[in-house]
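Residues per chain are reported as follows:
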Amino acid sequence: MTLPALPAFQSGNTAVITGGANGIGLACAQQMADAGLNVALIDRDPAALATAATRVSGAGKVLTFECDVSDASAMHTLADQISSNLGPASILMNNAGAGLNPGKPWENGDGWQQLLGINLGGIINGVQAFVPGMIEAGAPGIVINTGSKQGITLPPGNGAYNVSKAGVKAYTETLAHELRNLDECQISAHLLIPGFTYTGMIQRFLPEKPPGAWTSEQVVDFMFDSLARGDFYILCPDNDVDRAMDEKRTAWNVGDLIENRPALSRWHPDFADAFEAFIKS
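Being a predicted model, the structure only gives us computed values, none of them experimental.

The next point concerns the nonpolar core. If you look at the biggest cluster of nonpolar residues, it comprises 34 residues, and the most contacted ones within it are V16, I42, I82, F130 and V143. Contributing elements (two or more residues each) for this core: strand 2 (38–43), helix 3 (72–86), helix 5 (121–137), helix 7 (159–180) and strand 6 (187–193). Looking at which element gives the most residues to this core, the answer is helix 5, with 6 residues. Ignoring any residue separated from it by four or fewer positions in sequence, one finds I82 in contact with V16, A40, I42, F65, G87 and F130. Grouped together as the second largest cluster of nonpolar side chains are 33 residues, I24, A27, A29 and L37 included.

Written out as structure tokens, the structure is:
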């Protein structure tokens, strides 16, 4: 796979990737390093970082940094450290995430706060730590925030994860708007929306890749193609769900508001037949 022919991806530039020790982040780091970019891998798992460091190599420098993205102060300190070692970031990929289900909306407040702190707070912290330096540098740049389809269609099962990823969608949309309206700013923001992807988070529960899942490498290839087109919403399919199905599910979810249906009517028994007919239409 060839990286997008965009100025931010020029050899010698610096890419910062959180959650970079496995999955999508690691796959992205490998391709960027191969293309000659300097890569800063950030993760809170030191053992995984050490393994990643042995796997990622290329013409550019590859440095690893242990950090909890939910710690705003630590992220700002890290941004200064990376800038001193590698220069200002040209690419920022806020990819770190957690999926452990803390329970129902009225349960386990600490668990909810922890998940939100990583999945949403970590992205906010990443932007606030690195983007001011990217703006000050006055060079082309790209910010990629990893969201989820669960932040759009909100399937029951893990409400805290859905809330966090819905927040990532809203935050990244706001970020993109503000950057494009900033005078002389050459930085764009993009929302990566993976489909079912076999990452380390999934591997904990499923030792073997399900047939329906994409690999992290497939997601990264799709992401690079989307960036080359200038897409903001990088809506990835997988081996079970194509673009048309994603569009139908998203449209139905928005229709709940427009038609004043019950919340999450897709999973409401009174609307099961209507949803099925809509999908087939």
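Once the structure has been displayed, the description carries forward.
One can find T197 in the loop between strand 6 and helix 8 (200–203). Separated by 3.0 Å, the side chain of T197 and the backbone oxygen of G195 make a polar contact. Apart from the residues lying within four places of it in its own chain, the contact partners of T197 are I24, I202, A213, W214, T215, S216 and V219.

Next up on the list: the pattern of salt bridges. Scanning the model with the defined rule gives 7 salt bridges in all. Where D246 meets K149, a salt bridge forms, and the shortest distance between an N and an O atom there is 2.6 Å. Of this pair, D246 sits in helix 10 (residues 243–258) while K149 sits in the loop between strand 5 (141–146) and helix 6 (150–153), placing them 97 residues apart in sequence. We note a salt bridge from E247 to R243, for which the minimum N-O separation is 2.9 Å.

Moving on: the pairing of strand 4 (residues 91–94). Here strand 4 shows two buried faces, one formed by I91 and M93 and the other by L92 and N94. Relative to strand 4, strand 1 (residues 14–18) is paired through 3 bridges, and the arrangement is parallel. Each residue of the ladder has a partner; that of I17, found in strand 4, is M93. Where strand 4 and strand 5 come together, 4 bridges link them in parallel fashion. Note that in strand 5 the partner of N94 across the bridge is N145.

Before going further, it helps to spend a moment on unusual backbone geometry. Phi is positive for E184, close to 65°, though the residue is something other than glycine. Along the polypeptide, E184 turns up in the loop between helix 7 and strand 6. Judged by relative accessible area, E184 falls into the exposed class, the value being 77%. A positive phi angle is found at N260, which is not glycine, with a value near 55°. Given a relative accessible area of 67%, N260 falls into the exposed group.

The next thing to look at is the environment of Q128. Position of Q128 relative to the elements: it lies in helix 5. Judged by relative accessible area, Q128 falls into the partly exposed class, the value being 46%. Along the sequence, Q128 and D238 sit 110 residues apart, while their C-alpha atoms lie 32 Å from each other. Contact partners of Q128, with chain neighbours within four places excluded, come to H76 and Y171.

The rules behind each value
Residues numbered from 1 in each chain as written. Predicted model: local features only at pLDDT ≥ 70, side-chain atom pairs only at ≥ 80, totals over all residues. Heavy atoms only, no water. Core = buried A, V, L, I, M, F, W, Y, C linked by side-chain atoms within 4.5 Å. Buried < 20%, exposed > 50% of the residue type's maximum accessible area, 1.4 Å probe, protein only. Helix = DSSP H or I, 4+ residues; strand = E, 2+ residues; numbered from the N terminus. Contact = heavy atoms within 4.5 Å. Polar contact = N/O pair within 3.5 Å; in protein donor to acceptor, adjacent residues only side chain to side chain. Salt bridge = Lys/Arg side-chain N within 4 Å of Asp/Glu carboxyl O. Pairing = 2+ DSSP bridges.

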